[in-house]
Amino acid sequence: MPYIKDYPVVIGFRSNRQDNFTRLLNTLPNKDARYIFPLVPFVALISVFWIDFFKNKVFKNLFSIFIILFSVLTFYTISFGTVLIPKEISFKLFNARIVVYAQHGYIVGPPQKENWRQEDLIKQVSSKKARLFFTGLDSIWFNNWGISYYSRLYKVPLINYQEIQRGDFVSIRRESLKDIENVQKSLKINGELKDVQNYSLPDGTILQLFEVR
């Protein structure tokens, strides 16, 4: 997928039939790519319709085969990845990074075996039959939805910081380790914090677990 400065290249077009549909999508407050996917079929057609204007049938057929093979290759590399070709081909133009080809979309790529420790965290709290307060960095791979899922699975009650009492657990995801005094001060916790576990996550962040005593 080609993109500039980590954003996908979007082909703009205007026609009498699709104009109202395009305007309707533009009214969406969230411009994430998944909300613009209804435009992909139109963009795909516009991207290749001009091939039919080639008069040379041999060149037209060869170019059509190239487009098909390139599409299959792109689908395979984004879905599964391969070591046979570079993971990314890019160059700089006017201080902008232009990616010609990449084995990933603008956010994610092939499936990876990574342990983000959310289940390990909840299982550890569940073994103590305690409640948990979680706060910190939220991302596509580690977020409150995952914490909520595993807390329901292992029957761990989630609480907010105003409900923290002795016997509860506090978990914080940060870019680096933070000492207990700073955590206790920032959350205004009444009681002593015991450092229970520190998990190193795949993106380099740290998941800390404390027990309130």
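Relevant structure appears above.
The following paragraphs examine the structure supplied in this document.

Digging into the side chain of Thr82
1) Next: Within the element layout of this structure, Thr82 appears in the loop between α3 (57–79) and β3 (88–93).
2) Next: Looking at Thr82, its side chain comes within polar contact range of the main-chain nitrogen of Leu84, at 3.2 Å.
3) Next: Once you skip the residues sitting within four places of it in the chain, Thr82 turns out to touch Tyr76, Thr77, Lys87 and Gln103.

Section: the nonpolar core
1) Next: In this structure, Leu121, Val125, Leu132, Phe142 and Leu207 are the most contacted members of the largest nonpolar core, which totals 15 residues.
2) Next: Sequence-distant contacts of Phe142, defined by excluding residues within four places in its chain, comprise Trp116, Gln118, Phe134, Leu137, Ile147, Arg173, Leu201 and Leu207.
3) Next: Membership of the second largest hydrophobic core comes to eleven residues, among which are Phe133, Ile159, Phe210 and Val212.

Considering a nonpolar patch on the surface
1) Next: Side chains of Ile89, Phe91, Leu93, Phe94 and Val100 sit close together on the surface and give an oily, nonpolar patch of about 520 Å² of accessible area.
2) Next: The biggest single contributor to the nonpolar patch is β3, with three residues.
3) Next: With respect to the element layout, Leu93 can be found in strand β3.
4) Next: Note on Leu93: relative accessible area 39%, which makes it partly exposed.

A word on the sheet that holds strand β7 (residues 193–200)
1) Next: A sheet is described by the order of its strands in space; here four strands give the open sequence β5-β6-β8-β7, paired in mixed fashion. Edge positions in the sheet fall to β5 (132–136) and β7, since each has one partner strand and no second. Adjacent strand axes in the sheet meet at a mean angle of 20° when their direction is disregarded.
2) Next: Across five bridges, the pairing between β5 and strand β6 (residues 169–174) is parallel. When the bridges of β6 are listed, Leu132 appears paired with Phe169.
3) Next: Each of β5, β6, β7 and β8 (206–212) is contacted by helix α4 (residues 118–127), which is oriented at about 150° to β7, the strand it contacts most.

So, the packing of aromatic side chains
1) Next: One pass over the full model with this rule turns up 13 aromatic pairs.
2) Next: A centroid spacing of 5.9 Å and a plane angle of 65° characterise the contact between Phe70 and Tyr101, whose relative ring orientation is edge-to-face. With Phe70 in helix α3 and Tyr101 in strand β4 (residues 96–102), the pair connects residues that are 31 residues apart, well separated along the chain.
3) Next: Residue Tyr101 is classed as buried on the basis of its relative accessible area, which comes to 8%.

Side note on helix α5 (residues 144–153)
1) Next: Of the residues making up α5, those classed as buried are Gly146, Ile147 and Ser151. Projection of α5 onto a plane perpendicular to its axis shows the buried side chains occupying an angular sector of 130°, all on one side. Residues of α5 that are exposed and point over 90 degrees away from its buried face: Trp145 and Arg152.
2) Next: Here the buried face of α5 lies against α4 and β5.
3) Next: Residue Asn143 occupies the N-cap position of α5, its side-chain oxygen lying 3.1 Å from the main-chain nitrogen of Trp145.
4) Next: Positive phi shows up at Lys155, right after α5, with a value of about 55°.

What counts and what doesn't
Think of each chain on its own: its residues are numbered from 1, step by step along the sequence as written. Residue-level local features of this predicted model are given only where pLDDT is at least 70; pairs of side-chain atoms are given and counted only at 80 or more, and the full residue set underlies all totals for whole chains, interfaces and linings. Side-chain numbers here rest on the full set of heavy atoms in the structure, without hydrogens or water. Strands here are runs of E lasting at least two residues and helices are runs of H or I lasting at least four, both read from the DSSP assignment and numbered beginning at the N terminus. We define a polar contact as two N or O atoms separated by no more than 3.5 Å, with the added condition that, inside protein, one atom must be a possible hydrogen donor and the other a possible acceptor, whereas residues neighbouring each other in sequence contribute only through side-chain atom pairs. We call two residues in contact when some of their heavy atoms are within 4.5 Å. Note on terminology: a nonpolar core comprises buried Ala, Val, Leu, Ile, Met, Phe, Trp, Tyr and Cys residues joined through side-chain atoms within 4.5 Å. Only protein chains enter the calculation, and the probe is 1.4 Å; a residue is then buried if its accessible area is under 20% of its type maximum, exposed if over 50%, and partly exposed in between. Exposure above 30% relative accessible area and the absence of a salt bridge qualify a residue for a patch, where like charges join within 9 Å and nonpolar side chains (Val, Leu, Ile, Met, Phe, Trp, Tyr) within 5 Å. Here the accessible surface of atoms and residues is derived via Shrake-Rupley with a 1.4 Å probe, and residues count as covered only by protein chains that are part of the display. A carboxyl oxygen of Asp or Glu within 4 Å of a side-chain nitrogen of Lys or Arg is what we treat as a salt bridge. In short, DSSP must find at least two bridges between two strands for them to pair. Orientation is described by lines fitted to C-alpha atoms, with helices fitted over the stretch in contact, and by angles between N-to-C directions that extend from 0 to 180 degrees. Here a Phe, Tyr or Trp ring, Trp counted by its six-membered ring, pairs with any other such ring whose centre lies within 6.5 Å, and the pair is stacked when the planes are under 30 degrees apart, edge-to-face when over 60, and tilted otherwise. Working note: the arc is built from the helix axis to C-beta atom directions.

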